[in-house]
Structures are given as C-alpha cells and as structure tokens.
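Here are the chains, one letter per residue:
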Amino acid sequence: LVDCGCDRDGYCLCFTLLLERKIKMDLTTIVIHVIFSYLATVGFAVTLNIPRSALNVCGLIGILGWMTYKFLYLGHTGMVLANLVAAVVVGICSVIAARIKQKPMILFNVPSLVPLVPGGQAYRAVYYFAFKNDELALRFLVEAGMIAGALAMGFFLAELLAQVYFKFSDQKRA
C-alpha cells in the first residue's frame with residue numbers, strides 16, 4: 001500500500017495519487033482498452049439512434065481516438081495535449097468516414113467523442129466541492145474545463161484541415 005497521508009481535514013489523497021500514477025500498457029491492457037472504447041462508443045451511438053450502417057465505423061473511430069489519447073498520455077505528453085491530438089484524430093477520421101459513407105459528419109463525431117469526455121474529472125470536482133475540499137475541487141474543475149476546451153479545439157482543427165485539404169484538392173481537379 002502507498003502511504004500518502006491525509007490533508008488537515010481528514011480527506012485521504014490516496015485516490016488522487018493512484019489515478020495519477022502511470023501504468024505500462026501490455027497486450028492484455030491494450031485489448032481491454034480497445035474493447036471497452038468500442039463498446040462505449042457504439043453503446044452511446046445506439047442511444048443516439050445512429051444508423052446501423054454507421055455503428056461499426058463509429059466504434060472504430062472511437063478506438064482510434066481513445067488509443068491515440070492513451071498512448072500519448074502514457075508517453076508523458078500531458079492530459080490536455082493528448083486529448084487535443086485525439087480529438088483531431090477523431091475529427092479527421094469522422095470527415096473521412098462521412099465522405100465514404102455519405103452521411104453527416106456529426107453521426108461519427110459525437111459518439112466517437114464519448115471515451116474522451118472528462119466525466120471523471122467533473123465528478124471528482126463535484127465530489128470535493130461537496131466535502132469542502134475546495135482546492136482539489138478547483139484543480140479537477142480546471143482540468144475538466146481544459147480537456148473540454150482541448151476537445152473543442154481539436155474538432156475545430158480537424159474541420160479546418162479537412163476544409164483546406166478538400167479546397168485545394170478540388171482546385172487541382174478543376
């Protein structure tokens with residue numbers, strides 16, 4: 001066990017310290033992450049009534065986004081940068097899938113974003129606010145806001161890159 005101590009109000013910080021510990025990714029862990037990111041993405045897509053023909057593609061995009069985040073985060077790039085790059089990957093893959101499947105891009109964007117949403121940070125912020133540990137609560141609240149901003153910026157960058165690419169490729173054809 002890790003002896004991490006408790007703060008002056010008696011709140012144990014072990015949970016926070018264990019969450020921040022970096023773990024190595026072996027093959028079993030990778031397979032588990034792939035399966036659960038696929039299930040989370042497809043499960044959310046089903047609740048949004050995404051057409052069946054797009055469900056597997058949504059799941060694959062969700063896997064790509066989550067694994068991009070996971071490998072970058074474990075590579076010590078930081079949580080916000082890892083989310084930004086993962087959102088760009090999800091956005092670009094969604095643009096490509098929308099072109100191939102001839103469906104709106106939002107059908108692929110929204111469900112594939114679900115594994116990246118900072119729900120854990122938001123939960124911990126509310127939890128620590130409820131138990132009067134404002135310092136930790138603000139830390140998690142700022143972290144959740146930064147991740148949400150990174151996801152929005154990642155989608156913006158992916159859309160921008162796609163529009164620039166398709167504009168230049170259409171000009172070359174003409």
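See the structure shown above.
Just so we're clear, the structure is a prediction, and the values are computed from it rather than from any experiment.

Observations regarding the packing of helix 2 (residues 27-47) against helix 5 (residues 106-113)
Stage number 1. Two elements in contact, helix 2 and helix 5, have axes whose closest approach is 8 Å; the angle formed by their N-to-C orientations is 125°. Classified by the angle between their axes, helix 2 and helix 5 sit oblique to one another. Regarding helix 2 and helix 5, the two cross each other, and that crossing is right-handed. Of helix 5, the residues touching helix 2 (which contributes Thr41, Phe44 and Ala45) are Val110, Pro111 and Ser112.

A word on the packing of helix 2 against helix 3 (residues 52-74)
Stage number 1. With their axes 8 Å apart at the nearest point, helix 2 and helix 3 run at an angle of 135° to one another. One way to sum up the angle between helix 2 and helix 3 is to call them oblique. Of the two possible hands of crossing, helix 2 and helix 3 adopt the one that is right-handed. Between helix 2 and helix 3, the contacting residues are Ile30, His33, Val34, Ser37, Tyr38, Thr41, Val42, Ala45 and Val46 on the first element and Leu55, Asn56, Cys58, Gly59, Leu60, Gly62, Ile63, Trp66, Met67, Lys70 and Phe71 on the second.
Stage number 2. Of the residues that constitute the contact of helix 2 with helix 3, the class distribution is 13 nonpolar, six polar and one charged.

Criteria and thresholds
- Residues numbered from 1 in each chain as written.
- Predicted model: local features only at pLDDT ≥ 70, side-chain atom pairs only at ≥ 80, totals over all residues.
- Heavy atoms only, no water.
- Axes fitted to C-alpha atoms, helices over the stretch in contact; angles between N-to-C directions.
- Helix = DSSP H or I, 4+ residues; strand = E, 2+ residues; numbered from the N terminus.
- Parallel < 35°, antiparallel > 145°, perpendicular 65-115°, else oblique.
- Left-handed = near helix turned anticlockwise from the far one by under 90°.
- Contact = heavy atoms within 4.5 Å.
- Nonpolar A, V, L, I, M, F, W, Y, C, P; charged D, E, K, R; others polar.

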